[in-house]
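Observations on the three-dimensional arrangement
Given next are the chains, with one letter for each unit.
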Amino acid sequence: MSLWLHQQAHGCGHPGDSADVLSLSPLGSGELEKSPRSDPGPWEVLHRHRRSWVWNQFFVLEEYTGNEPLYVGKLHSDVDKGDGKVKYVLSGDGATSIFTIDENTGDIHATKRLDREVQAYYTLQAQAVDRLTNLPVEPRSEFVVKVQDINDNEPKFADGPYLAGVPEMSPLGTMVVQVAATDADDPTYGNSARVVYSIIHGQPYFSVEPKTGVIRTALPNMDRETRDQYVLVIQAKDMVGQMGGLSGTTSVTVTLTDVNDNPPRFSHKNYQFTVLESLPTRSLVAKIKAVDADIGSNAEMDYRIMDSDGSGVFNVSTDEDTQDGVITLLKPLDFETKSSFSLRIEATNRNIDTNFLSLGPFSDTTSVKVTVQDVDEPPVFSAPLTKMVVSEDARVGTSIGRVSAHDPDTSSNAIRYSIDRNTDLERFFNIDALSGVISTAKPLDREVNSVHNLTILAIETRESKRNPGITLVTVLDINDNAPVFATDYETLLCETTTPGQVIQTVSAVDKDEPPSGHRFYFTLAPSVAGNPNFTLRDNKDNTASVLTKRGGFLRREQPVYLLPVLITDSGSPALSSTSTLPVRVCDCDSDGVALSCGAVAYTATGLSTGALLAILSCIITLLVMVLLIVTMRRRRKQPLILEEERDIRENIVRYDDEGGGEEDTEAFDMVTLRNLNVIRDPNVRRDVTPDTPTFYHYPPASRQSFKTLPDNVVFREFIWERLKDADVDPTAPPYDSLQTYAFEGSGSVAESLSSLESLSTDSDQNYDYLNNWGPRFQKLADLYGNGDGAAVFS
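Calculation rules
Residues numbered from 1 in each chain as written. Predicted model: local features only at pLDDT ≥ 70, side-chain atom pairs only at ≥ 80, totals over all residues. Heavy atoms only, no water. Helix = DSSP H or I, 4+ residues; strand = E, 2+ residues; numbered from the N terminus. Buried < 20%, exposed > 50% of the residue type's maximum accessible area, 1.4 Å probe, protein only. Contact = heavy atoms within 4.5 Å. Pairing = 2+ DSSP bridges. Axes fitted to C-alpha atoms, helices over the stretch in contact; angles between N-to-C directions. Phe/Tyr/Trp six-rings, centres within 6.5 Å; stacked < 30°, edge-to-face > 60°. Lys NZ or Arg CZ within 6 Å of the ring centre and 35° of its normal. UniProt positions renumbered as here; feature names shortened; annotations may be inferred. pLDDT = per-residue confidence, 0-100. Patch = residues over 30% accessible without salt bridge, like charges linked within 9 Å, V, L, I, M, F, W, Y side chains within 5 Å. Areas by Shrake-Rupley, 256 points an atom, 1.4 Å probe, with all protein chains shown as cover. Salt bridge = Lys/Arg side-chain N within 4 Å of Asp/Glu carboxyl O. Disulfide = S-S within 2.5 Å.

1. As for the overall build of the protein
In terms of regular secondary structure, the protein is built from seven helices and 45 strands. By the burial criterion, 34% of the 794 residues in the protein qualify as buried. When contacts within the protein are restricted to residue pairs at least 6 apart in sequence, long-range pairs at least 24 apart make up 64% of them.

Written as structure tokens, this is what we have:
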């Protein structure tokens, strides 16, 4: 048995063939059999090997656009007698979804458009089975359906668009960049994927090689300064560029990179600048610019001064950001000395390309003139620092030196001088305003201030310009201070000291500073030169030792000895002073350490440190206990009523001074109603029954006879009785208060002006004394202090 495949010829390398019949026995073995309809004679003619036919491969044209399914081929089995008992089955890659088979006839069709660039071939399996039993009647065979390519894809530039650069002034044919296009069609079949390149836009500057895609320059010496960028359009066309081929394009941006082919050039051959003579050094004078058509490092340049009539006055450098030539000042300018300068400056490229030396020198020069403008300058001292010396014993008015300044301008104005008193607060010196002579104004003391730093001001008389100068006045030392002890010595002498023992070594100091140093001489004062107790030995090194002449010193006999020491310096004239050295006799232990010194009486009553600390601790403890007891007593006296209840009081208004009137009020005080003349005690509590007794004592029997009492006493007694009744009533808290205006008070220096205290309502009263009470009573004095005022008053 064998399974036959029939292929419809459709251009699979065999255009024009009719339907071919292949016999596979079995299918897939690769062995060819003769066709049933062929004779044995012509077998060799139909042998497929001779025509290079692949027996197990179908060909389908891609991108078929017909309305009907595309016929691929036919399967047929020798078992199939045409009675419908054999059924053909197709399986594998794309079966039923792309490829279908007629189970009765074995015809294979493609139901979808195929794209070789998506999938180039499909592997299928064919089988003939019994329709009733579904058992195979032929072995399973495999074959391939290959999608035949057509030219349906244009070339594409995967890396486009391109950016490229080439140096300017490059020779003809210099390679710029290589472009490459790819075609998705089958490169092994026909010319569908064979691409050639051409330039659509970019002539005549560039060209492209058709086969390689290499772009080259087509013109020599292209100048970046004229045009620095070109945009090319490159086309790639398949079918070797023939008619009907597909094409794709890309753009190539070509930038001409810079080379140093342009020298720097100054825009002006002459520059003129004006500066003030007061311009500080290191300041900017001017900027000049040499223009270079190149860019980047090819435009970098250096400036230098080739020639100048002011050597070292100016400097020129390069501003690295702008490539400007920066001219700066190195030395101070002086219009009166030189009013203008001429410079010759050169600009040169740093990076010179030897390939372009023929274009000329890569440098340029220019002339610069700097004019100095005059300014009104302050006076200038002949020396910025003047040093002077003066003896500290110089008399007031002594001249110690002279300062000198001049006007540097051509006007040469007169100069006057003065001392900045901030540098001479105590005014030790004066200066002559015209001559500049400095003299002393006060006595000087080197020991207080040895150097005076004076600021002298030189001022133009016409323009008021000023300039400070420094003068250092050094005060020279004289021997005007006597030597004294270097410190306050306290000498301790043990009672067991033996004769000839050194008990103290003393030294001296002197505020003076002689050039050769100090030399002091020590002796005992003449009054004690022959004393039997002590002697003094000069050690010749500005120190002296005090020695004992005897032993057996006793505190009870004399606890302290005062030893006067005469100290003399080596000055001219020599000065001396007497310093007293106290020697205290002490009780010492066996090692010579003092245990107690001074008089014996102090020692008998003296206490040790531990005893003193114990006594002090007891005193502190007693004080703390007293404070605690006082605090507790004060707390017991506090009432149980609340603070806000205790403070609810009305105010009593006082008029005991001539001033604030109704605005002058103070908190209510019970004592005021009982005695207005008693000084208020702020510590008196207001929430308890007062203990103050009646201020006017009278017999109880006559208590009903109020008419016999003075008026003010009657009123106070009435208030006292009412307050007492209210205070002792426990059902009526808080306690009542009462405002009274019965008395004028006792605070006014004018006392009372009320007529109630007059002897008679008809009497004339003299108010002239109001004139002596000051301005606050002047208005009353004007009304009542004269006859007219009195008449009005009456």
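2. Things to note about the sheet that holds strand β30 (residues 415–419)
The strand order across the open sheet built from four strands is β27-β34-β33-β30, with neighbouring strands paired in mixed fashion. Two strands in the sheet have a free side with no partner beyond their single neighbour: β27 (385–391) and β30. Strand-to-strand, the axes of this sheet are offset by a mean angle of 30 degrees, without reference to chain direction.

3. Concerning the packing of aromatic side chains
Applying the stated criterion across every chain, the model contains 11 aromatic pairs. Seen from their ring centres, Phe 206 and Tyr 230 are 5.5 Å apart, and the 70 degrees between their planes marks the pair as edge-to-face. Taken as a pair, Phe 206 in strand β14 (residues 206–208) and Tyr 230 in strand β16 (residues 229–237) lie far apart in primary sequence, 24 residues in all. With respect to burial, Phe 206 and Tyr 230 carry one shared label: buried. Grouped by ring-pair contacts, the aromatic residues Tyr 205, Phe 206 and Tyr 230 constitute a single cluster. The side chain of Lys 338 reaches across the aromatic face of Phe 341, ending 5.3 Å from its centre. Over the face of the ring belonging to Phe 428 we find Lys 442, whose NZ or CZ atom lies 6.0 Å from the ring centre.

4. Here's the deal with unusual backbone geometry
With an omega of -5 degrees, the peptide bond running from Gly 160 to Pro 161 counts as cis. With respect to the element layout, Pro 161 can be found in the loop between β10 (141–148) and β11 (162–167). Backbone geometry places Asn 221, a non-glycine residue, at a positive phi of 55 degrees. Along the polypeptide, Asn 221 turns up in the loop between β15 (214–217) and β16. Positive phi outside glycine occurs at Lys 540, with the angle close to 65 degrees. With respect to the secondary-structure elements, Lys 540 resides in the loop between β39 (534–538) and β40 (543–548).

5. Focus: the UniProt feature "transmembrane region" (unreviewed entry) in the protein
As annotated in UniProt, the feature "transmembrane region" (unreviewed entry) corresponds to residues 611–630 in the numbering used here. Strand forms 0% of residues 611–630 and helix 100%; the C-alpha atoms that close the span are 29 Å apart.

6. Here we look at the sheet that holds strand β23 (residues 324–329)
Reading across from one edge, β18-β20-β23-β22 is the order of the four strands in this open sheet, with antiparallel pairing throughout. Pairing within the sheet leaves two strands with one partner each, and these edge strands are β18 (265–266) and β22 (314–318). Bridge analysis of β18 against strand β20 (residues 284–291) gives two bridges, and the strand direction is antiparallel. Bridge pairing in β20 links Phe 266 to Ala 290.

7. Observations regarding the confidence of the model for the protein
A low pLDDT score tells you not to read the predicted coordinates there in detail. Here the protein averages 78 in pLDDT, while 76% of its residues score no lower than 70. For the stretch residues 8–54, pLDDT sits under 50, and the model shows 80 contacts to residues farther than four places along the chain or on other chains.

8. With respect to a nonpolar patch on the surface
On the surface, Leu 616, Ile 620, Val 624 and Leu 628 cluster together into a nonpolar patch covering about 370 Å² of accessible area. Owing to a relative accessible area of 46%, Leu 616 belongs among the partly exposed residues under this scheme.

9. Brief notes about the pairing of strand β43 (residues 594–597)
Across three bridges, strand β42 (residues 576–588) lies against β43 in antiparallel orientation. What sits directly across from Cys 586, in β43, is Cys 597. Counted along the chain from β42 to the antiparallel partner β43, the turn is five residues long, and its residue Gly 592 has a positive phi close to 85 degrees.

10. Regarding the pattern of salt bridges
In this structure the tally under the stated criterion is 20 salt bridges. We note a salt bridge from Arg 216 to Glu 209, for which the minimum N-O separation is 3.0 Å. Assessed through its relative accessible area of 28%, Arg 216 is described here as partly exposed. The class of Glu 209 is partly exposed, set by a relative accessible area of 28%. For the salt bridge of Arg 555 with Glu 495, the shortest nitrogen-to-oxygen distance reads 3.7 Å. Here Glu 495 lies in the loop between β36 (491–494) and β37 (502–509) and Arg 555 lies in the loop between β40 and β41 (560–568), a separation of 60 residues in the sequence. Given a relative accessible area of 9%, Arg 555 falls into the buried group. Ionic contacts of the salt-bridge type, sharing partners, join the residues Glu 300, Asp 302, Glu 320 and Arg 350 into one network.

11. Some details on the pairing of strand β17 (residues 247–257)
Here six bridges tie β11 to β17, and the two strands are oriented parallel to one another. When the bridges of β17 are listed, Tyr 162 appears paired with Val 252.

12. A few points about the state of the cysteines
What we call a disulfide is simply a covalent bond connecting the sulfur atoms of a pair of cysteines. Per the stated rule, a full pass over the model turns up two disulfides. The side chain of Cys 494 participates in a disulfide bridge whose partner is Cys 588; the two sulfur atoms lie 2.0 Å from each other. Because the torsion about its S-S bond is -90 degrees, the bridge between Cys 494 and Cys 588 counts as left-handed. In this pair, Cys 494 is assigned in strand β36 and Cys 588 in strand β42, connecting sequence segments 94 residues apart. Residue Cys 494 shares its accessibility class with Cys 588, and that shared class is buried. A disulfide bridge connects Cys 586 with Cys 597, and the sulfur atoms are separated by 1.8 Å. Linking Cys 586 and Cys 597, the disulfide has an S-S dihedral of approximately 105 degrees and is accordingly described as right-handed. Highlighted residues: Cys 586 in strand β42 and Cys 597 in strand β43, separated in sequence by 11 residues. When its relative accessible area of 0% is taken as the criterion, Cys 586 is described as buried. A residue is classified by how much of its surface remains accessible, and Cys 597, at 27% relative accessible area, is partly exposed. Numbered in order of appearance, the disulfide-bonded cysteines of the protein are paired 1-3, 2-4.

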